[in-house]
Amino acid sequence: METVSEQYKTCQHCESQIALTSSFCSVCGKSQNAADLEHLSQRKQHLKYIGFFLAVELLMCILSYAVDSSITSILFFDGIFAVSAVLFFILLGSDGIKLLKWPNFSILKLLSTIVVAVIFSYGVNQVVPWLNVNIFKADETSYSLQYAGYPYSNYLMIFSIALMPAIFEELAYRGYLMEKFLKIMGKKEAVYLSSFLFFLMHFSIASIFWMIPFAIVLAEIRMRENTLWYGIILHFFFNFTTCILDIYEFQGKFWLPFL
Amino acid sequence: METPSNINCACCATQFAETDVYCNSCGFPLKGTEDEQRDFITNRTFKEIDLADFHKNIKSATNSLYWVAGLFALGAIIGGFMLQDESEIVAHLIIYVILIAIFLALAVWGKQKPLPALISGLSLYVFIQIANAILEPASILSGIIVKIIIIAMLIKGIKAALEADKIKKEFNIK
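Residues numbered from 1 in each chain as written. Chains lettered and ligands numbered in written order. Predicted model: local features only at pLDDT ≥ 70, side-chain atom pairs only at ≥ 80, totals over all residues.

### Notes on the overall build of chain A
Next, step 1: Along chain A, the regular secondary structure elements total 10 helices and two strands.
Next, step 2: When the helices and strands of chain A are placed in sequence order, the string is β-β-α-α-α-α-α-α-α-α-α-α.
Next, step 3: The C-alpha radius of gyration of chain A comes to 24 Å, more than 25% above the 18 Å expected for a compact globule of 259 residues.
Next, step 4: Judged by the C-alpha coordinates and their principal axes, chain A covers about 85 × 40 × 35 Å. (Helix = DSSP H or I, 4+ residues; strand = E, 2+ residues; numbered from the N terminus. Rg over C-alpha atoms; globule rule 2.2 N^0.38 Å.)

### Here's the deal with the overall build of chain B
Next, step 1: Of regular secondary structure, chain B possesses four helices and two strands.
Next, step 2: Of the regular secondary structure in chain B, the N- to C-terminal order runs β-β-α-α-α-α.
Next, step 3: Here the C-alpha radius of gyration of chain B, 24 Å, is well above what a compact globule of 174 residues would show, namely 16 Å.
Next, step 4: Of all 174 residues assigned to chain B, the portion counted as buried reaches 27%.
Next, step 5: For chain B, the proportion of contacts with a sequence separation of at least 24, taken over those separated by at least 6, is 56%. (Buried ≥ 20, exposed ≤ 12 C-beta atoms within 10 Å, placed from the backbone. Contact = placed C-beta atoms within 7 Å.)

### Topic: unusual backbone geometry
All names here are of chain A.
Next, step 1: One non-glycine residue with positive phi stands out, namely glutamate 15, at about 60°.
Next, step 2: Relative to the assigned elements, glutamate 15 resides in the loop between strand 1 (8-10) and strand 2 (17-19).
Next, step 3: On the basis of neighbour count, glutamate 15 is assigned to the exposed category, with 11 C-beta atoms found within 10 Å.

### So, helix 1 (residues 34-82) of chain B
Note on helix geometry: an α-helix contains 3.6 residues per turn, so any two residues three or four positions apart are oriented the same way.
Residues and elements named next belong to chain B.
Next, step 1: An ideal rise of 1.5 Å per residue puts 72 Å on 49 residues; helix 1 measures up with 72 Å between its terminal C-alpha atoms.
Next, step 2: Where helix 1 is concerned, the buried positions are Phe40, Phe54, Ile58, Ala61, Thr62, Ser64, Leu65, Val68, Ala69 and Phe72.
Next, step 3: The inward-facing, buried residues of helix 1 contact helix 2 (86-112), helix 3 (114-135) and helix 4 (144-171). (Expected span 1.5 Å × (residues − 1).)

### Focus: the packing of helix 1 of chain B against helix 4 of chain B
Residues and elements named next belong to chain B.
Next, step 1: Contact geometry for helix 1 and helix 4: axes closest at 8 Å, N-to-C directions at 145°. The two elements helix 1 and helix 4 cross, and the hand of that crossing is left-handed.
Next, step 2: Here the contact of helix 1 with helix 4 is composed, by residue class, of 13 nonpolar, six polar and six charged. (Axes fitted to C-alpha atoms, helices over the stretch in contact; angles between N-to-C directions. Left-handed = near helix turned anticlockwise from the far one by under 90°. Nonpolar A, V, L, I, M, F, W, Y, C, P; charged D, E, K, R; others polar.)

### Looking at the nonpolar core
When a protein is soluble and globular, its nonpolar side chains tend to lie buried together.
Next, step 1: Core analysis: the largest hydrophobic core is formed by 80 residues, its most contacted members being Ala172, Leu177 and Cys243 of chain A together with Phe103, Leu118 and Leu154 of chain B.
Next, step 2: Those residues in contact with alanine 172 of chain A that sit more than four places away from it in its chain are Ala85, Phe88 and Leu177 of chain A.
Next, step 3: Membership of the second largest hydrophobic core comes to 11 residues, among which are Tyr22, Cys23, Phe28 and Leu30 of chain B. (Core = buried A, V, L, I, M, F, W, Y, C linked by C-beta atoms within 7 Å.)

### Concerning the packing of helix 8 (residues 187-201) of chain A against helix 3 of chain B
Next, step 1: Relative to each other, helix 8 of chain A and helix 3 of chain B sit at 0°, their axes nearing to 11 Å. When the interaxial angle is binned, helix 8 of chain A and helix 3 of chain B end up roughly parallel. Taking contact as the criterion, the partners of Glu189, Tyr192, Leu193, Phe196, Leu197 and Leu200 of chain A in helix 8 of chain A are, on helix 3 of chain B, Pro116, Ile119, Ser120, Ser123, Leu124 and Phe127 of chain B.
Next, step 2: Grouping the amino acids of the contact of helix 8 of chain A with helix 3 of chain B by side-chain chemistry returns nine nonpolar, two polar and one charged. (Parallel < 35°, antiparallel > 145°, perpendicular 65-115°, else oblique.)

### Details of the interface of chain B and chain A
Next, step 1: The interface is formed by 36 residues belonging to chain B together with 38 residues belonging to chain A.
Next, step 2: Of all the secondary-structure elements, those providing two or more residues to the side of chain B that touches chain A are helix 2, helix 3 and helix 4 of chain B.
Next, step 3: Looking at the side of chain B that touches chain A element by element, the count peaks at 10 residues for helix 3 of chain B.
Next, step 4: For the side of chain B that touches chain A, the residue count by class is 20 nonpolar, eight polar and eight charged.

### Re the environment of alanine 52 of chain B
Next, step 1: Locating alanine 52 of chain B in the fold gives a position in helix 1.
Next, step 2: Along the sequence, alanine 52 of chain B and valine 68 of chain B sit 16 residues apart, while their C-alpha atoms lie 24 Å from each other.

### Some details on the confidence of the model for chain B
Next, step 1: Of the residues in chain B, 97% reach a pLDDT of 70 or more, and the chain-wide mean stands at 92.
Next, step 2: Interface confidence for the predicted complex, given as ipTM, is 0.90, next to a pTM of 0.91. (pLDDT = per-residue confidence, 0-100.)

### Looking at helix 8 of chain A
Next, step 1: Here helix 8 of chain A spans 21 Å end to end across 15 residues, near enough to the 21 Å set by a 1.5 Å rise per residue.
Next, step 2: Counting buried positions over the 15 residues of helix 8 of chain A gives 12, a clear majority of the element.
Next, step 3: Looking at the packing, one finds that the buried side of helix 8 of chain A touches helix 2 (43-66), helix 7 (153-182) and helix 9 (208-225) of chain A together with helix 3 of chain B.
Next, step 4: Taken from the residues just after helix 8 of chain A, phenylalanine 203 of chain A is the one with a positive phi, measuring 45°.

Laid out in structure tokens, this is it:
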């Protein structure tokens, strides 16, 4: 009879030497998958947290659509979104803190992030208004006209459209939501699902062509670099470029803040 | 070094060594009393039946994504006839084609990865209903029973996917 050479591990219960592939100890009969099983039992709980998170986000979206679009309510909801994102992020505890660190900081990566964000945003801003007007028959919208008439309107717009979403959407979606999905499923699925839900939360079917790829890029960067900072910067410069282009188109001037 | 015997486990048919007290693949008490062995097999059989039920729920949930795609196709056609302006019809159809394509893609993906596909499907479906309700509050009531059935099936499928993985891991069922 042929003897089979195998690698061994120690039983978690009786410490006998058992075959490496054993799911049960051949001596005491106890399961060797206790840790995996514990992990699987917690998935339902994590999924409930995700459900709660989505319900809160959805409720805020609905409320912000329901009230008028005055500057006061825009800023009010920016604040509410920010507070909720921070609260959810705090719930992550040490998993969240880990994401706020910036391991392997690279000035080159940072600069490429900014360049990619600006180019991508420019491209999207060339294609999307055309799609919206010609294909989806929506009115051409201007962000800057919403803020017109208020003191420091362009600064307000940059604050509300570029800065706030960049920080707090990253904390909420690439931070809280992705971290929870990673506890339930594999990396690829977590990247995809968090991006899909990010797209859904913006309530715009027409933006599927660019928003899902955009969110996947943000999620991939967060996975590879284990930090939210590149995502925050990419997101900021993407939205910032949109603002600058919007001002250029609707106010007819090339405007850069602080210059 | 261990010498595998020629005997296979009575429960999962994995080959075991003569010195083994329990099967290292399914935990079957190889040297247990007849009662112990019978209880073990009964318990495992019950779990396998549960697992089969969960798989059935997962399957009907992924299939319901095809149904949703079908219902949307119907909605696209009916809605298209009610519109007058040609460019409005094109915009209407494009949106429906995107939604139908997503549901079909999720149904196909669900065969391999039921959990993320069903979560995506459920979220998208609920979002569409909410978006419709914002635009037209009365729309939430139309076909409410079908909507509830679809949502219930998707939730059941998600729960089943979670439970099925647990049973598979607990009893090492492939």
